[in-house]
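Given next are the chains, with one letter for each unit.
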Amino acid sequence: MSEPARPSALAPFRIRNYRFQWPADLLTSWAFEMELLILGWYILVETGSVLLLTLYASLGYVGTLIAPMFGVAGDRIGHRDLLAMMRATYAVLAATLMTLAFTGTLTPVYVLIVAVLMGLVRPSDLGVRGALVANTMPHELLIGAISVSRTTMDTARIAGALSGAGLFAALGMGPAYVAIVSLYVTAMLLTLCVNAPKKPHPVPDVAGEALRASPLRDLKEGVTYIWTTPRMQAAMWVAFLVNLTAYPLSNGLLPYIAKAIYGTNQTGLGYLSASFAIGSLAGSLALSMIGGVRVARLMIASTLVWYAALLVFVQMQTLETAIVCLLLTGFCQSLSMISVAVILMRAASEHFRGRVMGVRMMVIYSLPLGLLAAGSLIEEIGFAATGTIYAAAGLAMMLAIAVHWRADLWHVHAPANAR
């Protein structure tokens, strides 16, 4: 008998909920990228301090510490409703910055305050949307759905970076924020169009006990669940590691790299950001069209190549060569992070998915730690030396993870490598 036909890359769009969630996630990601670029450039130009730039980038992740509670809330009230409330919050905060910009009262202090408030909520967006996809998508379409969902961030980083830089340079911050507020409001409305899946609960005989359980007990159960599942624990360590040592070099520090290393303006910054996103988009599309992938092996290999590409990137002296390196970096990053998400979603039972993705978002807290440490190191030893230390350390630690969990990640018959 012949093997069943592999689902096409567009198969997830046969699911009605996905046809609404995907554009909602896309517009949200687009607004995220525009804000990150516009405000990062504003802080750097207004203050001239790389430390304040890394502080601003770090504040966007303060909510990672409470991300597991968002996962608990999603498991209790439903991921769609939680996601809609989060996106309404983004719209209100963006409207506040828009008003300050139009009235001429915007200062770096106000930007940092709003960054704190936004940072309490925004880090959980990716986890909640992932849990919603997993709850509405058939098992055989999960890899394709997560891969296509990843394109919302990739395409948004391309369009958001270029359009954000263009609007900011041509019209100023106020008009740019009119577009951002509109994107958030539209995303919220599309999210509400998703038919809320039935709230997942444990099996009926323990349902009453689960409802009486406290949120802290729910959280403890989620952490224990992850810690006692080796492939999930390994995936969490990979996520922690790349946020600590890889993402600072290609995300939060890009405004500094563009201005101080390559002497370019907002447009050059947009090209750098977009090149990373183009590579990431290529990775997402490639994985959505390839069947039979052993995701744990892919996670290991792509993460190792990601660090190798970063080692080359930090030595580049021209904008053009840096763009080429960021293309490869983005491609490998996409394969790595999709693999992490698939491992977690496949291993997690339905009523634990929110908590699992909440803990996944919590490990992003290593990103602000990495950013703040990088800002201090750059002032002492320079960007190239700092980047080399980060990439080399990440490469060594990733090899250690692969060796320690080799039975759960590399063995061809390991559950994490199921096709």
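Reading guide: rules and limits
- Residues numbered from 1 in each chain as written.
- Predicted model: local features only at pLDDT ≥ 70, side-chain atom pairs only at ≥ 80, totals over all residues.
- Heavy atoms only, no water.
- Helix = DSSP H or I, 4+ residues; strand = E, 2+ residues; numbered from the N terminus.
- Buried < 20%, exposed > 50% of the residue type's maximum accessible area, 1.4 Å probe, protein only.
- Contact = heavy atoms within 4.5 Å.
- Areas by Shrake-Rupley, 256 points an atom, 1.4 Å probe, with all protein chains shown as cover.
- Axes fitted to C-alpha atoms, helices over the stretch in contact; angles between N-to-C directions.
- Parallel < 35°, antiparallel > 145°, perpendicular 65-115°, else oblique.
- Left-handed = near helix turned anticlockwise from the far one by under 90°.
- Nonpolar A, V, L, I, M, F, W, Y, C, P; charged D, E, K, R; others polar.
- Core = buried A, V, L, I, M, F, W, Y, C linked by side-chain atoms within 4.5 Å.
- pLDDT = per-residue confidence, 0-100.
- Patch = residues over 30% accessible without salt bridge, like charges linked within 9 Å, V, L, I, M, F, W, Y side chains within 5 Å.
- Salt bridge = Lys/Arg side-chain N within 4 Å of Asp/Glu carboxyl O.
- Expected span 1.5 Å × (residues − 1).
- Arc of directions from axis to C-beta.
- Phe/Tyr/Trp six-rings, centres within 6.5 Å; stacked < 30°, edge-to-face > 60°.
- Lys NZ or Arg CZ within 6 Å of the ring centre and 35° of its normal.
- Polar contact = N/O pair within 3.5 Å; in protein donor to acceptor, adjacent residues only side chain to side chain.

(A) Spotlight on the overall build of the chain. When its secondary structure is counted, the chain shows 20 helices and 0 strands. Residues classed as buried in the chain amount to 56% of the 419 residues present. Taking as baseline every contact in the chain between residues at least 6 positions apart, the subset at least 24 positions apart corresponds to 87%. When the accessible surface of the chain is split by element, carbon and sulfur atoms take 69% of a total near 16,500 Å².

(B) Quick look at the packing of helix α15 (residues 295-313) against helix α16 (residues 319-347). The N-to-C vectors of α15 and α16 enclose an angle of 155°; their axes lie 8 Å apart at closest approach. As the angle between them shows, α15 and α16 are arranged roughly antiparallel. Crossing handedness for the pair α15 and α16: left-handed. Residue classes in the contact of α15 with α16 are distributed as 20 nonpolar, 6 polar and 1 charged.

(C) Expanded view of the nonpolar core. Judged by nonpolar contacts, the single largest core of 81 residues is most densely connected at F313 and V356. Counting residues per element, this core draws most heavily on α16, at 15 residues. Excluding anything up to four places from it in sequence, F313 contacts L249, I257, Y262, A322, C325, L326 and F383. In this structure, F70, M98, I180 and L183 belong to the second largest nonpolar core, which totals 39 residues.

(D) Examining the environment of I66 more closely. When you line up the elements, I66 lands in the loop between α2 (50-59) and α3 (67-77). Taking the relative accessible area as the measure of exposure, I66 reaches 36% and is therefore partly exposed. For the pair I66 and S124, spaced 58 residues apart in sequence, the C-alpha separation works out to 8.6 Å.

(E) Region of the structure containing the packing of α15 against helix α19 (residues 383-404). Interaxial distance between α15 and α19 falls to 8 Å at its minimum, and their mutual angle equals 165°. Taken together, α15 and α19 sit at an angle that is classed as roughly antiparallel. Crossing of α15 over α19 shows left-handed handedness. Residues M299, I300, T303, L304, Y307, L310, L311 and F313 of α15 pack against F383, T388, Y390, A391, A392, G394, L395, M398, L399 and A402 of α19. For the contact of α15 with α19, the residue count by class is 15 nonpolar, 3 polar and no charged.

(F) Structural detail: the confidence of the model for the chain. Of all residues in the chain, 87% attain a pLDDT of 70 or more, and the chain-wide mean is 81. Residue range residues 1-5 is modelled with pLDDT below 50. Its contacts to residues more than four positions away, or to other chains, number 0 contacts. Here residues 200-212 is a poorly scored stretch, pLDDT under 50, and it has 12 contacts once near neighbours within four places are set aside; other chains count.

(G) Spatial organisation of a nonpolar patch on the surface. Together, L65, I66, M69, V109, Y110, I113, V116, L117 and L120 line one region of the surface with nonpolar side chains, adding up to about 720 Å² of accessible area. If one sorts the elements of the nonpolar patch by residue count, helix α5 (residues 108-121) sits on top with 6 residues.

(H) The arrangement of α16 in detail. Between its first and last C-alpha, α16 extends 42 Å over 29 residues, near the 42 Å set by a 1.5 Å rise per residue. Where burial is concerned, most of α16 is hidden: 21 out of the 29 residues are buried.

(I) Expanded view of the pattern of salt bridges. For the structure shown, the criterion picks out 6 salt bridges. E35 is the partner of R122 in a salt bridge, and the nearest nitrogen-oxygen pair spans 3.9 Å. Highlighted residues: R122 in the loop between α5 and α6 (125-136) and E35 in helix α1 (residues 16-47), separated in sequence by 87 residues. With relative accessibility at 16%, the residue R122 sits in the buried group. The shortest N-O distance in the salt bridge between D125 and R129 comes to 2.6 Å. Of this pair, D125 and R129 both sit in helix α6, 4 residues apart, which is roughly one turn of that helix. For the pair D125 and R129, one class covers both residues: buried.

(J) Looking closely at helix α8 (residues 173-192). Taking 1.5 Å per residue as the helical rise, α8 with its 20 residues ought to reach 28 Å, and the 29 Å between its terminal C-alpha atoms agrees with that figure. Buried residues of α8: M173, G174, A176, Y177, I180, V181, L183, Y184, A187 and T191, and no others. Down the axis of α8, the buried side of the element spans an arc of 170°, and every buried residue falls inside it.

(K) Spotlight on the environment of A348. Take A348: it is sitting in the loop between α16 and α17 (353-362). For A348, a relative accessible area of 4% translates into the label buried.

(L) Quick peek at the packing of aromatic side chains. Summed over the entire model, instances satisfying the criterion amount to 9 aromatic pairs. The structure contains a cluster of three or more aromatic residues connected by ring pairs, namely F13, Y18 and W22. A cation sits over an aromatic face here: R122 above F32, 4.8 Å from the ring centre. Its guanidinium or amino end placed over the ring of W410, R297 lies 4.7 Å from that ring's centre, counting from NZ or CZ.

(M) Inspection of the side chain of S302 at higher detail. Residue placement: S302 occurs in helix α15. Among the polar contacts made by the side chain of S302, one reaches the main-chain carbonyl oxygen of L298 at a distance of 2.7 Å. Excluding residues that lie within four positions of it along the chain, S302 makes contacts with C332, L335 and S336.

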